[in-house]
Amino acid sequence: METTLQLTIDCADIQRLVAFWSEALGYVPEPPPGGHATWREYWAAAGVPAEELPVGAGDTPESIVDPAGHGPRVWFQQVPESKTAKNRIHLDLKVGGGRDVSLAVRTQRVTTTVERLVEAGAGVLRIADEPDMGHYAVVLQDPEGNEFCVV
């Protein structure tokens, strides 16, 4: 049996996070399978009872995928409660190139990515600028407060 990985992010506004994380990861909204116009249409064809599908569910994509097929699928699950505490798991967007790349170049790559993500709706929480350790990273939060790092 093959095991695959899907990341699930609880949220209030699915489409806002689909748009944000598509931009952050270079992913695309996942199209519905089998030539169906919407996920709702697909679920109905698969036999999911209408009463199990809240109004609007599946009318627009609720997941994103890596167009190259390498990264995990990310599904955004609408939940009624808001985020109330620090994440116990988070994503690291590794854009710097690793220790084989100079700190100055890594810092510029991180900074460029952070600027793009702030424009897309992220907020900066803190900057870890530790030149003596050869480290530069920025901790951000997505539009719903989920923390992640750009390294």
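Residues numbered from 1 in each chain as written. Predicted model: local features only at pLDDT ≥ 70, side-chain atom pairs only at ≥ 80, totals over all residues. Heavy atoms only, no water.

Describing the side chain of Thr113
Tracing the chain through its elements places Thr113 in helix α3 (residues 103-119). A relative accessible area of 9% means that Thr113 is categorised as buried. Contacts of Thr113, omitting those with residues within four sequence positions, involve Val95 and Val150. (Helix = DSSP H or I, 4+ residues; strand = E, 2+ residues; numbered from the N terminus. Buried < 20%, exposed > 50% of the residue type's maximum accessible area, 1.4 Å probe, protein only. Contact = heavy atoms within 4.5 Å.)

A few points about the packing of aromatic side chains
Applying the stated criterion to the full structure yields 5 aromatic pairs. Residues Phe20 and Trp21 carry aromatic rings whose centres are separated by 5.3 Å and whose planes lie at 90 degrees to one another, so their mutual orientation is edge-to-face. Like Phe20, the residue Trp21 is buried in the burial classification. (Phe/Tyr/Trp six-rings, centres within 6.5 Å; stacked < 30°, edge-to-face > 60°.)

Considerations on the nonpolar core
Residues Trp21, Phe76, Leu117, Phe148 and Val150 are the most contacted members of the largest nonpolar core, which totals 22 residues. Those elements that place two or more of their residues in this core are β1 (6-11), α1 (14-25), β4 (73-78), α3, β7 (135-141) and β8 (147-150). No other element matches the 6 residues that α1 contributes to this core. Leave out the neighbours within four places in its chain, and Trp21 touches Ile9, Gly26, Ile64, Phe76, Leu91, Asp142 and Phe148. (Core = buried A, V, L, I, M, F, W, Y, C linked by side-chain atoms within 4.5 Å.)

Topic: the environment of Glu130
Tracing the sequence through the fold places Glu130 in strand β6 (residues 123-130). Residue Glu130 is classed as partly exposed on the basis of its relative accessible area, which comes to 32%. Taking the C-alpha atoms as reference points, Glu130 and Pro67, separated by 63 residues in sequence, lie 34 Å from one another.

With respect to the layout of surface pockets
Reported here for the largest pocket is a volume of approximately 550 Å³. Thr8, Ile9, Asp10, Asn87 and Asn146 are the residues nearest the centre of the largest pocket, which is lined by 23 residues in total. Among the elements of the structure, β1 and β8 are those that each provide at least two residues to the lining of the largest pocket. A per-class count over the lining of the largest pocket returns 10 nonpolar, 6 polar and 7 charged. Counted as a void, the second largest pocket has a volume near 220 Å³. Forming the walls of the second largest pocket are 13 residues, and the residues nearest its centre are Ile14, Pro54, Ala57, Glu62 and Gln78. A class-by-class count of the residues in the lining of the second largest pocket yields 8 nonpolar, 3 polar and 2 charged. (1 Å grid on protein atoms, 1.4 Å probe; cavity = no way out; pocket = protein on both sides within 12 Å on 5 of 7 lines; lining within 4 Å. Points joined across faces, edges and corners; volume = space filled by probe spheres on them. Nonpolar A, V, L, I, M, F, W, Y, C, P; charged D, E, K, R; others polar.)

Observations concerning the confidence of the model for the chain
Of all residues in the chain, 100% attain a pLDDT of 70 or more, and the chain-wide mean is 93. Per-element mean pLDDT across the chain ranges from 92 in helix α2 (residues 39-45) up to 98 in strand β2 (residues 28-29). (pLDDT = per-residue confidence, 0-100.)

Notes on α1
Over its 12 residues, α1 extends 16 Å from the first C-alpha to the last, a length consistent with the 16 Å expected when each residue adds 1.5 Å. When we look at burial in α1, the residues that qualify are Ile14, Leu17, Val18, Phe20, Trp21, Ser22 and Ala24. Directly beyond the C-terminal end of α1, a positive phi value near 75 degrees is found at Gly26. (Expected span 1.5 Å × (residues − 1).)

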